[in-house]
Amino acid sequence: MRVPAGAGPTLTMGGMTPTPPARRVLLAAPRGYCAGVDRAVIAVEKALEQYGAPIYVRHEIVHNKYVVQTLEKKGAIFVDRTQEVPEGSIVMFSAHGVAPIVHEEAAERKLATIDATCPLVTKVHKEAVRFAQEDFDILLIGHEGHEEVIGTSGEAPDHIQLVDGPGDVAQVEVRDPSKVVWLSQTTLSVDETMETVDALKEKFPQLISPPSDDICYATQNRQLAVKQMGAEADLVIVVGSRNSSNSKRLVEVAKLAGAREAYLVDFAEEIDEAWLKDDVSTVGVTSGASVPEVLVEGVLEWLSKRGFEDVGIVKAAEESITFSLPKELRRDLRAEAASLTEGRAAR
């Protein structure tokens, strides 16, 4: 059992017994919404206000059950395929990005499109296009089936091979070992990605790295905070959905950092009281990049009712990045504002 510094034994009738460890919460900072997610969620809300319901969204706008359910109640309709959107309707592409063929499908159905792809994902798409034009073999590190990987691969399918971790490296073959570059899904574990990169460099010593790190700043910052927190926490609770890649990585990072247990929950009600064993004195709390703060507040309230009232912040970085709304939405919002201004002037 861990005894906090400064806590001493108390004298009892039977002798000396240790003071129960103080129960505390370590709250990671940063956590929750990143700039790309914030932009995407606001884009759906603004589109509903501007154009009215329904607004169709191809795939979940972000991977979070609560966010999707909340937007559905406001009039968003989430679909898996472009063909599910009625002709002439408005469709928004999720923060994970889509392949060029999806834009073509939308044009064929005469859909008005709003592209809410995270700008950091767009950067990876542009890198894929550029390296393909230069006839490189592109090794895309990521998880098969993830929307972001599907979108990036679609930019240059004849040049891109997916590498789903170090175990895939042995099967990788390229045309020219002197013209090979790696790119990455933005939401992976930094350590896992670099392990794969190291294995690839052993096989292809001339492997080129992208011009800048493709793992997004928010993913890195949240993982860094969890590393610091996990070294002190007995238990780590990560708030996030099971289809959220970056949330699942936080659970893995917490365990590697030293936490005895780490769990992923969508809501506070999913926490099992059995996790709070007698020797659990410190609980770490964080959330994935697509999680609104209200869900974290619910977890803190749940823990407070069970004696974990002392909350300390573990700060790994400051974040001030913001992204502007998708250009299609900005254009129409500006046009409406200009029309309103002209109307007032004419009165």
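See the structure printed just above.
As a convention, each chain's residues are numbered from 1 in the sequence order in which they are written. For this predicted model, a pLDDT threshold of at least 70 governs which residues receive local features, and a threshold of 80 or more governs which side-chain atom pairs are given and counted, while totals over whole chains, interfaces and linings are taken from all residues. In computing side-chain values, all of the structure's heavy atoms are included and hydrogens and water are not.

With respect to the overall build of the protein
Stage number 1. Helix numbering and strand numbering both begin at the N terminus, where a helix is a DSSP run of H or I of at least 4 residues and a strand a DSSP run of E of at least 2. Each helix and strand in the protein was counted, giving ten helices and 14 strands.
Stage number 2. Seen through its C-alpha atoms, the protein measures out along the principal axes to roughly 85 × 65 × 35 Å.
Stage number 3. Buried positions account for 49% of the 347 residues belonging to the protein.
Stage number 4. Residues are treated as being in contact if the distance between any of their heavy atoms lies within 4.5 Å. Within the protein, counting contacts between residues at least 6 apart in sequence, those at least 24 apart form 74% of the total. Note on classification: 1.4 Å probe, protein chains only; a residue is buried when its accessible area is under 20% of the maximum for its type, exposed when over 50%, partly exposed between these limits.

Quick look at helix α4 (residues 119-133)
Stage number 1. How far a helix is expected to stretch is found by multiplying one less than its residue total by 1.5 Å. Between the first and last C-alpha of α4 there are 21 Å, a value that for 15 residues agrees with the 21 Å anticipated at 1.5 Å per step.
Stage number 2. Against the buried residues of α4 lie β8 (137-141), α5 (147-153), β9 (160-163) and β10 (180-184).
Stage number 3. Backbone geometry just after α4 places D135 at a positive phi near 65°.

Brief notes about helix α1 (residues 35-51)
Stage number 1. Taking 1.5 Å per residue as the helical rise, α1 with its 17 residues ought to reach 24 Å, and the 24 Å between its terminal C-alpha atoms agrees with that figure.
Stage number 2. Within α1 the residues assigned to the buried category are A35, G36, V37, R39, A40, V41, A43, V44, A47 and L48.
Stage number 3. Trailing α1 by a residue or two, G52 shows a phi angle of about 85°, which is positive.

Let's talk about the packing of aromatic side chains
Stage number 1. Stacked, tilted and edge-to-face are the three classes assigned to paired rings of Phe, Tyr and Trp, where Trp is represented by its six-membered ring and a pair needs centres within 6.5 Å; plane angles under 30 degrees give stacked, over 60 edge-to-face, the rest tilted. Taken as a whole and judged by the stated rule, the model has three aromatic pairs.
Stage number 2. A centroid spacing of 6.5 Å and a plane angle of 65° characterise the contact between Y66 and F267, whose relative ring orientation is edge-to-face. Pair noted here: Y66 is in helix α2 (residues 65-74) and F267 is in the loop between β12 (261-265) and β13 (282-287), with a separation of 201 residues, a long-range link.
Stage number 3. Residue class for Y66 comes out partly exposed when judged on its relative accessible area of 30%.

Considering the sheet that holds β10
Stage number 1. Criterion used throughout: strands pair if DSSP finds at least two bridges between them. Read across the sheet, three strands follow the order β9-β8-β10 without closing on themselves; strand pairing throughout is parallel. Whereas interior strands pair on both sides, the edge strands pair on one side only; in this sheet they are β9 and β10. Neighbouring strand axes in the sheet, compared pairwise and without regard to direction, differ in orientation by 30° on average.
Stage number 2. In this sheet, β9 lies alongside β8 in parallel orientation, the contact comprising four bridges. Bridged to L140 within β9 is L162.
Stage number 3. Across the sheet, α4 is in contact with β8, β9 and β10; its angle to β10 comes to roughly 165°. To obtain an axis, a line is fitted to C-alpha atoms, over the contacting stretch when the element is a helix, and the angle between two such axes runs from 0 to 180 degrees between their N-to-C directions.

A look at the pairing of strand β6 (residues 90-93)
Stage number 1. Of the two faces of β6, both are covered, the one formed by I90 and M92 as well as the one formed by V91 and F93.
Stage number 2. Examined bridge by bridge, strand β4 (residues 55-58) and β6 share three bridges and lie parallel to one another. Note on β6: the bridge partner recorded for Y56 is V91.
Stage number 3. Direction of pairing for β6 relative to strand β7 (residues 112-115): parallel, over a ladder of four bridges.

Topic: the pairing of β12
Stage number 1. Pairing geometry for strand β11 (residues 235-239) and β12, over five bridges, is parallel. In the strand pairing of β12, I237 is matched with Y263.
Stage number 2. For the segment spanning β11, helix α8 (residues 245-257) and β12, crossover handedness is right-handed. Handedness rule for crossovers: strands pointing away from the viewer, path from the first strand over the helix to the second running clockwise, crossover right-handed.

A word on unusual backbone geometry
Stage number 1. Residue P30 follows A29 across a cis peptide bond; omega there is 5°.
Stage number 2. As for its placement among the helices and strands, P30 is situated in the loop between β3 (24-29) and α1.
Stage number 3. The phi dihedral of H59 is positive, around 70°, even though this residue is not glycine.
Stage number 4. Considering the arrangement of structural elements, one finds H59 in the loop between β4 and α2.
Stage number 5. Backbone geometry at D135 places phi at a positive 65°, although glycine is not the residue there.

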